[in-house]
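# Coordinate inspection notes
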Amino acid sequence: MMKKKSISASKASLVLFLCQMISALDVPLDSKLLEELSQPPTITQQSPKDYIVDPRENIVIQCEAKGKPPPSFSWTRNGTHFDIDKDAQVTMKPNSGTLVINIMNGGKAEAYEGVYQCTARNERGAAISNNIVIRPSRSPLWTKEKLEPNHVREGDSLVLHCRPPVGLPPPIIFWMDNAFQRLPQSERVSQGLNGDLYFSNVQPEDTREDYICYARFNHTQTIQQKQPISVKVFSMDSLNDTIAANLSDTDIYGAKPVTERQPILLTPTGSTSTKVELRGNVLLLECIAAGLPTPVIRWIKEGGELPVNRTFFENFKKTLKIIDVSEADSGNYKCIARNMLGSVHHVISVTVKAAPYWITAPRNLVLSPGEDGTLICRANGNPKPNISWFANGVPIAIAPEDPSRKVDGDTIIFSHVQERSSAVYQCNASNEYGYLLSNAFVNVLAEPPRVLTPANKLYQVIADSPALLDCAYFGSPKPEIEWFKGVKGSILRGNEYVFHDNGTLEIPVAQKDSTGTYTCVARNELGKVQNEVRLEVKDPTMIIKQPEYKVIQRYGQVSFECIIRHDSTLLPTVIWLKDNDELPDDERFLVGKDNLTIMNVTDKDDGTYTCIVNTTLDSVSASAVLTVVAAPPTPAIIYARPNPPFDLELTGQLERSVELSWIPGDENNSPIRHFVIEYEDGLHEPGVWHYQTEVPGTQTTVQLKLSPYVNYSFRVIAVNEIGRSQPSEPSEQYLTKSANPDENPSNVQGIGSEPDNLVITWESLKGFQSNGPGLQYKVSWRQKDVDDEWTSVIVANVSKYIVSGTPTFVPYEIKVQALNDLGYAPEPSEVIGHSGEDLPMVAPGNVQVHVINSTLAKVHWDPVPLKTVRGHLQGYKVYYWKVQSLSRRSRRHIEKKILTFRGNKTFGMLPGLEPYSSYKLNVRVVNGKGEGPASPDKVFKTPEGVPSSPSFLKITNPTLDSLTLEWGSPTHPNGVLTSYILKFQPINNTHELGPLVEIRIPANESSLILKNLNYSTRYKFYFNAQTSVGSGSQITEEAVTIMDEAMASRQIDIATQGWFIGLMCAVALLILILLIVCFIRRNKGGKYPVKEKEDAHADPEIQPMKEDDGTFGEYSDAEDHKPLKKGSRTPSDRTVKKEDSDDSLVDYGEGVNGQFNEDGSFIGQYSGKKEKEPAEGNESSEAPSPVNAMNSFV
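Everything quoted here is computed from the prediction, not taken from an experiment. (Residues numbered from 1 in each chain as written. Predicted model: local features only at pLDDT ≥ 70, side-chain atom pairs only at ≥ 80, totals over all residues. Heavy atoms only, no water.)

## Describing the overall build of the protein chain
Helix and strand counts for the protein chain come out as seven helices and 87 strands. For the protein chain, the proportion of its 1194 residues judged to be buried stands at 42%. Nonlocal contacts in the protein chain, meaning residues at least 24 apart in sequence, comprise 66% of its contacts between residues at least 6 apart. As displayed, the protein chain has an accessible area near 63700 Å², and 51% of this comes from carbon and sulfur atoms. (Helix = DSSP H or I, 4+ residues; strand = E, 2+ residues; numbered from the N terminus. Buried < 20%, exposed > 50% of the residue type's maximum accessible area, 1.4 Å probe, protein only. Contact = heavy atoms within 4.5 Å. Areas by Shrake-Rupley, 256 points an atom, 1.4 Å probe, with all protein chains shown as cover.)

Here it is, written out as structure tokens:
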């Protein structure tokens, strides 16, 4: 089934290229390769003959031409020279003949109407453009007219005339209503070619007052509107009623309301008409008929058929359209209008005339001196056009004489031309319907030969196929071509070669001995030139083992082979196809080097598989069919690890490689995925097996790379989805020959351990890397950037060498080379190391400290010179310590702190400073050896801060109206104390807070007696210290003034009354019952409003049960049942300090102003921990808890 593709495709492409070169030689100046040759002008671009321009925009009249030398341009207008230099509105584009007439800057388009013609001229002739007629477009307004309403009887015909203004070009007509919606058209109502709106019969729904004709002038993008036309349709019933009211004694109108009528033609009129159309145009014939019912139109051609594929019907078959008409379309065309009452017809006699069209247009002519040639100009038309010749734009009859030319009607004959015969000739073919103008030059050239094919071009072909060697050339006169093989070979002749007119040498059947260099020689009377090309003949690609027909059971595995032989210099690519399409994108399809394997075959894999081998020169293919059949019933499948491979065999033993093959063991119903190959080095590491490589499960041979001086044994392990097999039996041993080491030690480093040594270390080669016995290392070093010779020493198989007596911390170039008894390894690469480090010599200078705030400072220093570091710069260390507190003027134990800044950093931040203190610091540079000397101590001071809370607050000596307060100064004043601030407020029996009083106390005081207080009243006190920076943390305390004796005696009297004792017992009993109920509900998981709010807010400070006292956490009071009120939650300045409250809002992440949960409830409403800062005024208290209820009776 193997087939070989024909080489004819490449041959055909070469032949096509040669043909192109032949045609290019006819007009060589169209080729980029010949641009340096002289060329008469050629018009390449020009405006259309009939050029309608927009009067609002600049007029651009195009005229582009090419030639060598580049042509100059001139214009005529209405047959006379147009001097553009005298008209400021007209400019010519640079290096072009295109005119730009500036209308937008004051010019008027009407002033430039006329016929323009461009001339392009150089020393070899003159080419002219067509006559370009410039006319500005016009879109005039509709003439005013008085339109009478149209009153028409139902069923009658009607024509609404449009009569658009005459524009240039003619406008496009359409009918719309006042809402700018197109009027619906049908077989009954339609628009004619002249723009009128025709009604075959009117209906009552045609009544409307907004029939509007629009004319769209595309060139100026304007639309003109005719005045609306009114149409009123009267039915016979309404007309009879009107007449009966006035003429009651007649029944003349009593007939049926609408009279049916046979067709009559609204357009065209009469029975015959004529139509003249030009060849190539679109022929439009129209028939519109009136009648009731609406007539149907049909078209025929008398004595013939309507042309197929060029005939179309438009406007509900009222218009016959024939495109691209020719003289054969002349004849009589009949339209027939028919309804149930009769028919009418009209015959249109069509005559097709023709403007001139080319039969043979003149073509450029390139001649050599002394040659002959002809220019032919043949055109046709109806009537037949007249042919006239011009030379360089001048009628040939009055042009300068040229003895080499002779005019014979539509042909100019040239005989024995000379270089002065070069000119541009124009042929004009004209009749009453138009004209054609064509430029063709005669270019007489005298040029020596030149070969256009690149030198030393390489051609490659397959043996026994044709070889085409190109020798594209040009010269005038035409050169003769000769071919030689080799530099000094003889001229090629004989039947084994074919010589083409374009210079190509063809070897029909190339053989291997055809390979070589071929020389092409082109010569004419002006000179000779030669060019060499090379031919290589390659061996054909062959498939020596083709895929074979296979029948495989479903879910099995199949493999197709495709082993090839090819030319060693060609790189083949192998492609596999299934049923002439790409292989499915499925991992079951495995494409190997010379095979295709399909795993787990299914029914859809059935088909034809093709192996295609492609090279750059040829392609071969072979196919085979795969048939998939059902597998016979089998017992339950047992999956297991594969059996170990066996029969390991070593072949192709070479110094650095060997081929290992084996036979796979049983797969045990699970396909082998891959094989793992391991090796043992019996010489260096006997009994130790190392991983070598792995190959796919379809492969049973592998080429293994070996190292010298290793006693190899191999074993193979098969792997499937279940696991790995047992290793195979080892193969026979194979001892490779010794050789020089292939590699040098890795990870070479040079690091000194002392200031005067260099320790060179490396990772030693492993045993099999030695490649031979006697492994040693050549250690070499020299100081970098010093003109020293290498110092070398050979050491045994170790991994370290110490060089003593080195300067401190200088760079060294180091290399370590392996060698054995057979020689050295390749030259090693060099690494840079350093001798040992020593402590830095100098301290950083210019140490500056910038205090940012009371707890943070920034320190700067100048870097030390790198030479004084004497090691690898690791960074700088800043030592700083507190000398004393400025507020106490007392020294304490000095505790130094250290901050390390890595790298060459010259500044750092000192956090955690204490306010209003004196500090010292110094800076030291650090290298790998240690720290250098310290810089001089730098003293700096931190500014004041806010103080800590007073150390204690005690309230003593309560009386009826006074309390004595004593306090201790803050542990950390953080500055000079300016005063103390005392705030206090009363707490009534309902735990509401009274007005807040504030007192400022001098800083030197430590006690205060508060007088004029209320008797038997609880007060809450807030106390803090101040510096010039601000207030510090506060401390709180509560105290009660005592009762007077009269009140006490009254309370005792009341307490001894029986009714009071009974009342108190009843209240106590009720409270006990309430506590029991609450306790029971609590144990049952019941929730009451307070509990529900606690659960909803999930306050982390409320614990289910305190383990120490067994009370409910949400109702316990951590400070002897201090009042728990909304009003005590937030101070008057709306701030909460963390030092004062464990359940500060700050802990909840809400910020200092956060007071409410997402549902709007107050966060601290049910908290039983510390009090917050005071709040001014009395707020409504929270619902009392049972504990609070008890407290209210105390």
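So much for the structure itself; the text now carries on.
## As for the pattern of salt bridges
Counting across every chain of the model gives 37 salt bridges. Close ionic contact of Arg261 with Asp156 constitutes a salt bridge, the shortest N to O distance being 3.5 Å. Taken together, the residues span a long stretch of sequence, with Arg261 in strand E21 (residues 261–267) and Asp156 in the loop between strand E13 (150–153) and strand E14 (158–160) at a distance of 105 residues. Note that Glu827 is salt-bridged to Lys815, the shortest N-O span being 2.8 Å. Here Glu827 is found in the loop between strand E71 (823–824) and strand E72 (831–834), whereas its partner Lys815 is found in strand E70 (residues 811–820), with twelve residues between them in sequence. For Glu827, a relative accessible area of 56% corresponds to the exposed category. According to the relative accessible area criterion, Lys815 is buried, its value standing at 14%. In this structure, a network of salt bridges that share partners links the residues Arg153, Asp156 and Arg261. (Salt bridge = Lys/Arg side-chain N within 4 Å of Asp/Glu carboxyl O.)

## Remarks on the sheet that holds strand E26 (residues 311–314)
One open sheet holds the three strands; their spatial order is E23-E27-E26, and the pairing between them is antiparallel. On the outer flanks of this sheet lie strand E23 (283–286) and E26, each paired with one strand and no other. Adjacent strand axes in the sheet meet at a mean angle of 20°, parallel and antiparallel pairs treated alike. Where E26 lies against strand E27 (residues 319–322), four bridges are found, and the strand directions are antiparallel. Bridge pairing links Phe313 to Leu320 in E27. (Pairing = 2+ DSSP bridges. Axes fitted to C-alpha atoms, helices over the stretch in contact; angles between N-to-C directions.)

## Some points on the side chain of Asn820
Inspection of the secondary structure puts Asn820 in strand E70. For Asn820, a relative accessible area of 6% translates into the label buried. In this structure the side chain of Asn820 is engaged in a polar contact, spanning 2.9 Å, whose partner is the backbone oxygen of Ala739. Every residue in contact with Asn820, bar those within four places of it in the chain, is listed here: Ala739, Asn740, Pro741, Ser770, Asn771, Gly772, Pro773, Gly774 and Leu775. (Polar contact = N/O pair within 3.5 Å; in protein donor to acceptor, adjacent residues only side chain to side chain.)

## Observations concerning the environment of Asn102
By secondary structure assignment, the location of Asn102 is in the loop between strand E9 (99–101) and strand E10 (114–122). Since its relative accessible area comes to 25%, Asn102 is described here as partly exposed. Separated by eleven residues in the primary sequence, Asn102 and Thr91 place their C-alpha atoms 8.2 Å from one another. A distance of 3.4 Å separates the side chain of Asn102 from the backbone nitrogen of Met104, its partner in a polar contact.

## Describing the nonpolar core
Counting residues in hydrophobic clusters, the biggest one holds 29 residues, and the most contacted among them are Ile59, Ile61, Trp75, Ile101, Tyr116 and Ile134. When residues of this core are traced back to their parent elements, those giving at least two are strand E3 (50–53), strand E4 (59–61), strand E5 (63–68), strand E6 (72–77), E9, E10 and strand E12 (132–136). Looking at this core element by element, the count peaks at three residues for E10. Contacts of Ile61, omitting those with residues within four sequence positions, involve Ser47, Tyr51, Trp75, Gly97, Thr98, Leu99, Ile101, Tyr116, Ile132 and Ile134. (Core = buried A, V, L, I, M, F, W, Y, C linked by side-chain atoms within 4.5 Å.)

## Overview of the environment of Asn989
Within the secondary structure, Asn989 sits in the loop between strand E83 (977–987) and strand E84 (997–1002). For Asn989 and Arg1018, which are 29 residues apart along the polypeptide, the C-alpha to C-alpha distance reads 8.8 Å.

## Quick look at a nonpolar patch on the surface
On the surface, Leu1069, Leu1070, Leu1072, Ile1073, Ile1076, Val1077 and Ile1080 cluster together to form a nonpolar patch covering roughly 630 Å² of accessible area. Along the chain, Val1077 falls in helix H5 (residues 1058–1083). (Patch = residues over 30% accessible without salt bridge, like charges linked within 9 Å, V, L, I, M, F, W, Y side chains within 5 Å.)

## A look at the environment of Gln874
Assignment of secondary structure puts Gln874 in the loop between helix H3 (866–869) and strand E75 (875–885). When the C-alpha positions of Gln874 and Arg902 are compared, they lie 5.9 Å apart, and in sequence the two are 28 residues distant. Those residues in contact with Gln874 that lie beyond four places of it in its chain are Phe901, Arg902, Gly903, Val926, Asn927 and Gly928.

## Considerations on the confidence of the model for the protein chain
Confidence along the protein chain averages 83 in pLDDT terms, with 84% of residues attaining 70 or more. A low-confidence stretch, residues 1–30 (pLDDT under 50), is modelled with 50 contacts involving residues beyond four sequence positions or located in other chains. Counting contacts from residues 1086–1194, a segment whose pLDDT is below 50, to residues more than four positions away or on other chains yields 173 contacts. (pLDDT = per-residue confidence, 0-100.)

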